[in-house]
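In case you want the letters, here they are:
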Amino acid sequence: MSEKVFAYGSNMCSGRLREYKVTPEEPGRTAVLRDYRLVFNKESRDGSGKANVEIQTGSAVWGVLHSIKEVDLRRLDTGEVGYRRQRVVIYTSDGTATETWIYIATSPSGDRGLRPYTWYKRFLVEGGKAHSLPQEHINALEGIEAIQDQDELRDRRNRAITCFDS
């Protein structure tokens, strides 16, 4: 049986899904989550800010709708530490409403100074480009303030992950 998952953060990057040993059943589809905004208030174990969404009327978060097997959903659950799975309604690029799973931070931080690492930001930008998200959203992703990861090995390892399917 298949499950639908809406990715708005690093899981828009196909390489990140491969790292989790998750294989979507079909190419990801462009979709939008209405009345939410993208924030980086999920504090990672490495001290950086990771993507999260929070309710904000009139805002929208673009992302990628994946169809995956149940076993892959369990792998994502294990990999998405600090997030809980929740049902939401998203809209595909043709306007079709679809109920799907989304990962939302279990304990968002109140620290407004959290920033993603530059390699993490790349996952969002390249993942968005790979799935043809609207240029306006890509521009917003490119404008995210990010910081350099001081752990050179982790930085190199994550920069080696590709977001474009071959």
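Here, the structure is the one placed above.
Criteria and thresholds
- Residues numbered from 1 in each chain as written.
- Predicted model: local features only at pLDDT ≥ 70, side-chain atom pairs only at ≥ 80, totals over all residues.
- Heavy atoms only, no water.
- Disulfide = S-S within 2.5 Å.
- Helix = DSSP H or I, 4+ residues; strand = E, 2+ residues; numbered from the N terminus.
- Buried < 20%, exposed > 50% of the residue type's maximum accessible area, 1.4 Å probe, protein only.
- Core = buried A, V, L, I, M, F, W, Y, C linked by side-chain atoms within 4.5 Å.
- Contact = heavy atoms within 4.5 Å.
- Expected span 1.5 Å × (residues − 1).
- Axes fitted to C-alpha atoms, helices over the stretch in contact; angles between N-to-C directions.
- Parallel < 35°, antiparallel > 145°, perpendicular 65-115°, else oblique.
- Left-handed = near helix turned anticlockwise from the far one by under 90°.

Re the state of the cysteines
Part 1: Under the definition given, this model contains 1 disulfide.
Part 2: With its sulfur 2.1 Å from that of its partner, Cys13 forms a disulfide with Cys163. Taking the sign of the S-S torsion, -95° for the link of Cys13 and Cys163, the bridge is left-handed. Of this pair, Cys13 sits in the loop between β1 (2-7) and α1 (14-19) while Cys163 sits in the segment after α5 (152-159); the two residues are 150 residues apart in sequence, bridging distant segments of the chain. Like Cys13, the residue Cys163 is buried in the burial classification.

Here's the deal with the nonpolar core
Part 1: Tyr8, Leu33, Val53, Leu76, Ile102 and Phe123 are the most contacted members of the largest nonpolar core, which has 41 residues in total.
Part 2: When contributions to this core are tallied by element, the ones reaching two or more residues are β1, β2 (29-43), β3 (49-69), α2 (70-79), β4 (83-92), β5 (97-105), α3 (118-130) and α4 (135-142).
Part 3: With 6 residues, the top contributor of residues to this core is β3.
Part 4: Those residues in contact with Val53 that sit more than four places away from it in its chain are Tyr8, Leu33, Tyr36, Arg37, Val39, Val61, Ile102 and Ile104.

Considerations on α3
Part 1: Its 13 residues place the ends of α3 18 Å apart at the C-alpha level, agreeing with the 18 Å of an ideal helix rising 1.5 Å per residue.
Part 2: Within α3 the residues assigned to the buried category are Trp119, Tyr120, Lys121, Arg122, Phe123, Leu124, Val125, Gly127 and Gly128.
Part 3: Buried residues along α3 sit against α1, β2, β3, α4 and α5.
Part 4: One or two positions beyond α3, positive phi appears at Ser132, with a value near 55°.

Notes on the environment of Arg34
Part 1: For Arg34, the position within the fold is in strand β2.
Part 2: When neighbours within four sequence positions are excluded, Arg34 is seen to be in contact with Ser59, Ala60 and Tyr91.

A look at the packing of α3 against α4
Part 1: Running from N to C, α3 and α4 point in directions that differ by 165°, and their axes come no closer than 9 Å. Relative to α4, the element α3 lies roughly antiparallel. In terms of crossing hand, the pair formed by α3 and α4 is left-handed. Judged by residue contacts, Lys121, Leu124, Val125, Gly128 and Lys129 of α3 engage Ile138, Leu141 and Glu142 from α4.

Read these as layout, nothing more, since geometry by itself doesn't imply function.
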